[in-house]
Amino acid sequence: MKKIILAAAATLALASFTASVFAAEEVHIPKEQWSFNGTFGKFDRLQLQRGLQVYKEICASCHSLKYVAFRNLAALGYNEAQIKAFAAEYEYPDIDDEGSDTKRKGLPSDYFPNPYPNEKFARASSNGALPPDLSLISKAREGGPDYLFHLITGYEDPPAGMTVMDGMSYNKYFSSGNFQIAMVKQIEDDKVTYADGTKATTDQIARDVTAFLHWAAEPMLEARHSTGLRVMLYMIVFTLLAYFLKRRIWARLDK
Amino acid sequence: MANTATAHSVASGTADGETRRDFLLHSTVAFGTVGTALAVWPLISSMNPAADTLALSTTEFSLANLQEGQAIIVVWQGKPVFVRYRTPAEIESARNAPMSDLVDPIKDEERVKKDKEKYLILVGVCTHLGCIPLGTKPMDPRGDFGGWLCPCHGSHYDTAGRIRKGPAPKNLAVPPYQYLDDTTVRIG
Amino acid sequence: MSTDNSSTEKSVWRRAFEWHEARLPLVSFIDNAVGTKYPAPRNLNYFWNFGFLAGFVLVLMIMTGVVLAMNYIPHKDMAFDSVERIMRDVNYGWLIRYMHANGASFFFIVVYIHIFRGLYYGSYKAPREVLWWIGIIIYLVMMATAFMGYVLPWGQMSFWGATVITNLFSAIPLIGEPIVTFLWGGFSVDNPTLNRFFALHYLLPFVIFALVFLHVWALHIPGSNNPLGIEVGPADKIPFHPYYTIKDVFGIGVFLLVYFAVVFWGPNMLGDPLNYVVANPLVTPPHIVPEWYYLPFYAILRAIPDKLLGVIAMFGSILVLFVVPWLDTSRVRSANFRPVYRVFFWLFIINGMVLGWCGSQLPEGLPLIVGRICTLYYFLFFFVLMPVIGWMETPKPLPASIGSPALKAAE
């Protein structure tokens, strides 16, 4: 048994060693409480709905969300009719029976549209920077949702002696861009009016949209946690059975 | 993996220890086998249609521009669907066909929606070996019964899409569909 | 079952089985390989689980990989999207991909422990040199397979990792540049590169599978080594099945507990966030790091300021393993009986981990200096310490057999 523990410890040590290697951080990002963290973590449906509203009203004018289809919004608790209506708010290019370009209304199978026709247009309208697609942003940045939350609330006056380039803003969490970010501060108190009556503080808005973006990046999180629990339960029983069977078979050698 | 530990392990040991181990052995093997089977399920399930494919499993189209005697092909789930605006003569010929002549007998009335008898909607895949029968375009041959003719092995379908002659065993299938309004149809 | 009632007359199943075995002795073959007909030393400890475990992970990787390939598109404009589609739309696609991506890391953990065991207990020594060689070849092919697999999602790290690693070959004098162009099938890492990497990533696991057969074959000629490193007589051997099969099944259980904990609760822990950004040939990430399992070798590469020498040192650090059976001059296999060697051996293991840390850091300041010292020790260990300690050291007395009293003292 001692040797098992030793072998397991060696494996874990190696794994945690490599994990700590990647945890090296230039700016400390405080950890936040999220409903989706932890062994049993789940998304808060109402929070995701509020986050969707924030994305639509604030983020969507510059940022695409290209891997999220309207049909996916069923996971936020919307029914089919609501999703249809939601999709129909957007228009998509189409070709009519005579072969001319036309527009059609969005369908549940459509994906969130790109606010810009092409990358050059996006850069031209965004001070030369390209607003990144947000569908994977929560997994594509070191620190994940914690980083996103602090980034969008991390605007403040630059420290004395630092000159911020024209059109840029100082952000104390934007270490990858020398703390100068092309996105201006977007979130303020009461910037949105929540449909569910929640008070729209800066903190609340940032939290909601971060949760929504984490869902967009990892929509399978809840299935992952629940499948994981069942698999672990099975594995524990199986490993115990195998252990006792092993002991019993090996006991024959002592006779 | 657990099944490597199966069966005829070793046939020695005392009777008491043996029964207890047998129970342990059998439950471990059974548990392991069930687990392996369950573990294989996601791999198999992944080959079923994915969510984005399923999201496109219905097709909507309009009948507004279809003229009498004309036919169009609509794509539904990657397959052609024949939509034909039948003439009164075609409907009559379909209804007058004696049931005894049919390979796969069914009344014309059961192949169309009530009050919409003029529109015939069929999955355009020959029930023989999956070719696409001719008969939709104006120049196409329509076979001996004025419906469709499959070019692969010569199956003749009538104006209700029923098999009348040739190797196909069944009538052209009627897909599940409904009228959303007077001229809009949703298949699937 | 039915045989019990008719002991004189063989059942139809028994006869059918014997008929088939006479023509293709498949069951006997397995029974000889990992069954009742393979006698193994009775004192193998849990480090001996990792060979079987590596085979298990190989099968796991092939099974998940084949299913992923059914939905993956090896085209630079569609690869990233197709992986996202697997994650979002394909049934259980997220599970299969996370199992495959983390399976690669766990494959290396298992194989590193397997190699560690071989080194510590002297399993490479005569008469097991060829067995050891095949193992190194498997490891090299594994590294190539993992590298090409990491390119397939076509994220930023995929692309720039591929660029940096393939550029290593440009260090070769005269023919370096043409070789790199040949590897790419173009003038940069591009669609032809992705396409061939996919083809090879699908092929090489089956090459590994064949090599595993040779590895097991080569193992069965001398039989398994053991923690004492002594020759074991038939009295101290037990049949592989059921003793080691059940031990391996238990080992798989423990392994899967750890593996699934990561797959379900930290699936991106060992990955780089930048690989969730689609490849952009015009923007290099500020800090390119390979996957963790290459880090020690990456550190050796960067420790040496000369490009060609760095590449030679990096490949040399793995190729040196081929001559380890002759560099180690000791007549004793197991480090358990080698008090001096054991100290330097453990230092070598820690040295490897520190090298891994250096490989993850920017090559400047402390990490660079530490990296250089560790690189020096790495080669010093193989080329100086191994032969010299082998000559000078007085090993502890070896027991005559597994059962003899000296055993307890050594453990």
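Rules used throughout
- Residues numbered from 1 in each chain as written.
- Chains lettered and ligands numbered in written order.
- Predicted model: local features only at pLDDT ≥ 70, side-chain atom pairs only at ≥ 80, totals over all residues.
- Heavy atoms only, no water.
- Helix = DSSP H or I, 4+ residues; strand = E, 2+ residues; numbered from the N terminus.
- Buried < 20%, exposed > 50% of the residue type's maximum accessible area, 1.4 Å probe, protein only.
- Contact = heavy atoms within 4.5 Å.
- Areas by Shrake-Rupley, 256 points an atom, 1.4 Å probe, with all protein chains shown as cover.
- Salt bridge = Lys/Arg side-chain N within 4 Å of Asp/Glu carboxyl O.
- Pairing = 2+ DSSP bridges.
- Axes fitted to C-alpha atoms, helices over the stretch in contact; angles between N-to-C directions.
- Patch = residues over 30% accessible without salt bridge, like charges linked within 9 Å, V, L, I, M, F, W, Y side chains within 5 Å.
- Disulfide = S-S within 2.5 Å.
- Buried area = accessible area lost by both parts, 1.4 Å probe.
- Polar contact = N/O pair within 3.5 Å; in protein donor to acceptor, adjacent residues only side chain to side chain.
- Nonpolar A, V, L, I, M, F, W, Y, C, P; charged D, E, K, R; others polar.
- Expected span 1.5 Å × (residues − 1).
- Phe/Tyr/Trp six-rings, centres within 6.5 Å; stacked < 30°, edge-to-face > 60°.
- Lys NZ or Arg CZ within 6 Å of the ring centre and 35° of its normal.

A. Structural context of the overall build of chain B. The number of helices and strands found in chain B is three helices and nine strands. The helix and strand sequence of chain B, counted from the amino end, reads α-α-β-β-β-α-β-β-β-β-β-β. Residues classed as buried in chain B amount to 39% of the 188 residues present. Residue pairs at least 24 apart in sequence account for 52% of intrachain contacts in chain B once pairs closer than 6 positions are excluded. For chain B, the exposed area adds up to about 9,800 Å²; of that, 60% sits on carbon and sulfur atoms.

B. Representation of the pattern of salt bridges. Counted according to the given criterion, the structure contains 32 salt bridges over all chains. Among the ionic pairs, Arg71(A) bridges to Asp89(C), the shortest N-O distance being 3.2 Å. Remark: Asp89(C) occurs in the loop between helix H5 (79–88) and helix H6 (93–120) and Arg71(A) occurs in the loop between helix H2 (45–57) and helix H3 (80–88); the pair is interchain, linking two chains. Both residues of the pair, Arg71(A) and Asp89(C), count as buried. Note that Glu119(A) and Arg123(A) form a salt bridge whose closest N and O atoms lie 3.1 Å from each other. Of this pair, Glu119(A) and Arg123(A) both sit in helix H4 (residues 119–125), separated by four residues, roughly a single helical turn.

C. Representation of the sheet that holds strand S3 (residues 79–85) of chain B within the structure. All names here are of chain B. The strand order S2-S3-S4 describes an open sheet built from three strands, whose pairing is antiparallel. The strands lining the two open edges of the sheet, one partner per strand, are strand S2 (71–76) and strand S4 (119–123). Taken over all neighbouring pairs, the strand axes of this sheet differ in orientation by 25 degrees on average, direction set aside. As paired strands, S2 and S3 are joined by six bridges and run antiparallel to one another. By the bridge assignment for S3, Ala71 is matched with Arg84.

D. Structural view of a nonpolar patch on the surface. All names here are of chain C. Taken together, the side chains of Phe17, Leu24, Leu26, Val27, Phe29, Ile30, Val34, Val59, Met63, Phe209 and Phe213 make up a nonpolar region of the molecular surface, amounting to roughly 940 Å² of accessible area. Of all the secondary structure elements, the ones that give two or more residues to the nonpolar patch are helix H3 (26–34), helix H4 (49–69) and helix H10 (191–220). Looking at which element gives the most residues to the nonpolar patch, the answer is H3, with five residues.

E. Spatial organisation of the state of the cysteines. Tallied over the full model, the rule gives one disulfide over all chains. The disulfide that involves Cys131(B) links it to Cys152(B), with 2.1 Å between the sulfurs. The chirality of the disulfide connecting Cys131(B) with Cys152(B) is left-handed, given an S-S dihedral of about -95 degrees. Note that Cys131(B) is positioned in the loop between S4 and strand S5 (146–149) and Cys152(B) in the loop between S5 and strand S6 (156–158), a separation of 21 residues in sequence. This cysteine, Cys374(C), is not joined by any disulfide, and Cys358(C) carries the nearest cysteine sulfur, 5.2 Å off.

F. The arrangement of the environment of Lys79(B) in detail. All names here are of chain B. Relative to the helices and strands, Lys79 is located in strand S3. For the pair Lys79 and Ile132, spaced 53 residues apart in sequence, the C-alpha separation works out to 9.3 Å. In this structure, Lys79 is in contact with Val74 and Val125, ignoring residues within four places of it in sequence.

G. Summary view of the interface of chain B and chain C. In this complex, chain B contributes 20 residues to the contact, which on the side of chain C involves 18 residues. Counting each side, the surface lost to burial between chain B and chain C is near 1,600 Å², with a carbon and sulfur contribution of 71%. At the surface where chain B touches chain C, the tally comes to one salt bridge. A salt bridge links Asp52(B) to Arg85(C); its shortest N-O distance comes to 2.6 Å. At the boundary of chain B with chain C, the tally comes to four residue pairs in polar contact (both at pLDDT 80 or more). Of all the secondary-structure elements, those providing two or more residues to the side of chain B that touches chain C are helix H1 (15–45) and helix H2 (51–55) of chain B. In terms of residue count, the dominant contributor to the side of chain B that touches chain C is H1(B) (five residues). Looking at the side of chain B that touches chain C residue by residue, the classes come out as 12 nonpolar, seven polar and one charged.

H. Examining the side chain of His241(C) more closely. When you line up the elements, His241(C) lands in helix H11 (residues 240–265). By relative accessible area, His241(C) is classed as buried at 8%.

I. Summary view of H2(A). All names here are of chain A. Spanning 13 residues, H2 covers 18 Å between terminal C-alpha atoms, matching the ideal 18 Å at 1.5 Å per step. Of all the positions in H2, only Gln47, Leu48, Arg50, Gly51, Leu52, Gln53, Val54 and Tyr55 are classed as buried. At the N-terminal boundary of H2, the capping side chain belongs to Asp44, with an oxygen 3.1 Å from the backbone nitrogen of Leu46.

J. Spotlight on the sheet that holds S6(B). Residue and element names in this part refer to chain B. Here three strands make up an open sheet; going across it, the order is S5-S6-S7 and the pairing antiparallel. Each edge of the open sheet carries a strand with a single partner, namely S5 and strand S7 (163–165). Direction aside, the axes of adjacent strands within the sheet are offset by 40 degrees on average. Inspection of the sheet shows S6 paired to S7 by two bridges, in the antiparallel sense. What sits directly across from His156, in S7, is Lys165.

K. Quick look at the packing of aromatic side chains. Residue and element names in this part refer to chain C. Applying the stated rule across the entire model yields 73 aromatic pairs over all chains. Ring centres 5.9 Å apart and planes at 40 degrees place the aromatic pair Trp133 and Trp326 in the tilted group. With Trp133 in helix H7 (residues 129–151) and Trp326 in helix H14 (residues 324–327), this pair connects stretches of sequence that are 193 residues apart. Trp133 gets classed as partly exposed once you look at its relative accessible area, which sits at 34%. Judged by relative accessible area, which is 49%, Trp326 ranks as partly exposed. Looking at Lys247, its charged tip hangs above the ring of Tyr46, at a distance of 4.5 Å from the centre.

L. Region of interest: unusual backbone geometry. For the bond from Ala126(C) to Pro127(C), the omega torsion is 5 degrees, close enough to zero to count as cis. For Pro127(C), the location among the structural elements is in the loop between H6 and H7. Backbone torsion omega between His241(C) and Pro242(C) reads 10 degrees, so that peptide bond is classified as cis. Of note, Pro242(C) is situated in helix H11. Even without a glycine there, the phi angle at Asn127(A) is positive, about 60 degrees. With respect to the helices, strands and loops of the structure, Asn127(A) is situated in the loop between H4 and helix H5 (137–140). Backbone geometry at Gln77(B) places phi at a positive 50 degrees, although glycine is not the residue there.

M. Region of interest: the interface of chain C and chain A. On the side of chain A, 50 residues touch chain C, which itself brings 50 residues to the contact. Here chain C and chain A share an interface that buries about 4,600 Å² over both sides, 77% of which is from carbon and sulfur atoms. Where chain C packs against chain A, one counts one salt bridge. Our count for the chain C to chain A interface comes out at 11 residue pairs in polar contact (both at pLDDT 80 or more). It is H11(C) that provides the largest number of residues to the side of chain C that touches chain A, a total of 17 residues. Looking at side-chain class alone, the side of chain C that touches chain A contains 37 nonpolar, five polar and eight charged residues.

Bear in mind that shape data such as this cannot, by itself, settle questions of function.
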